[in-house]
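# Structural overview for review
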Amino acid sequence: MIAEVTALIEREAALLDDRRYEQWLALFTEDCLYWAPVSPEMLSPREGPSHFRDDRQIMMVRTHRLANPRAFGAEPSPRTLHVISSIRIEAESGAEILASSSQIMLEYRNRGRFEEDQRVFGSRVRHRLRRTPEGLRIAEKRIDLINAEGPFNAMAAPL
């Protein structure tokens, strides 16, 4: 089972890095939740503000915007590299699996401001995966940024 979970998480990262957003979205269930809380102590996205708290519809809008070469604020389109380690299964219940990993995402946007062109996001990521007829799908992705409480500019690329 760990090999199947690892393959899914690594595939997700590769799709993001290749900017294949439509295929990335296909990895998620219809009722998915994709969120980054402002504090790792938050147990639910309903407890307060989040850096983002997206359902599938919002994810589709965001990725469509990133894929559009004329989208204001998304130009130049970010390039990313995800580094993943320590993938483990935390729990399994019926058709669902809770997995966690450590991730670093490098984001580069050539905007002519050397110090600001590359950013690093470190996080612990939790995937709640669900078995479907199509295989494992992501029902929830929670990203706990190590600097979640700190100030930073909006994220353009999905983590």
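What this report covers is the structure whose coordinates are included nearby. (Residues numbered from 1 in each chain as written. Predicted model: local features only at pLDDT ≥ 70, side-chain atom pairs only at ≥ 80, totals over all residues. Heavy atoms only, no water.)

### Regarding the overall build of the protein
In terms of regular secondary structure, the protein is built from 4 helices and 6 strands. In the protein, the order of α-helices and β-strands from amino to carboxyl end is α-α-β-β-α-β-β-α-β-β. The long-range fraction of contacts in the protein, counting pairs at least 24 apart against all pairs at least 6 apart in sequence, stands at 56%. In the form shown here, the protein has an accessible surface area of approximately 8900 Å², with 53% of it arising from carbon and sulfur atoms. (Helix = DSSP H or I, 4+ residues; strand = E, 2+ residues; numbered from the N terminus. Contact = heavy atoms within 4.5 Å. Areas by Shrake-Rupley, 256 points an atom, 1.4 Å probe, with all protein chains shown as cover.)

### Focus: unusual backbone geometry
Of note, Arg19 is a non-glycine position whose phi angle comes to about 60 degrees, a positive value. In this fold, Arg19 is placed in the loop between helix H1 (2–17) and helix H2 (21–25). Residue Arg19 is classed as partly exposed on the basis of its relative accessible area of 36%. Backbone geometry at Ser86 places phi at a positive 55 degrees, although glycine is not the residue there. Relative to the assigned elements, Ser86 resides in strand S3 (residues 79–93). Here Ser86 falls in the partly exposed class, since its relative accessible area comes to 41%. (Buried < 20%, exposed > 50% of the residue type's maximum accessible area, 1.4 Å probe, protein only.)

### Some details on the pattern of salt bridges
Any two side chains of opposite charge can pair, on the condition that their charged atoms come close. Here the structure, examined in full by the defined rule, presents 14 salt bridges. When the shortest N-O distance is used, the salt bridge between Arg130 and Asp31 registers 3.0 Å. Taken as a pair, Arg130 in strand S5 (residues 118–132) and Asp31 in strand S1 (residues 28–37) lie far apart in primary sequence, 99 residues in all. When its relative accessible area of 51% is taken as the criterion, Asp31 is described as exposed. The partner of Arg119 in a salt bridge is Glu107, with the nearest N and O atoms 2.8 Å apart. (Salt bridge = Lys/Arg side-chain N within 4 Å of Asp/Glu carboxyl O.)

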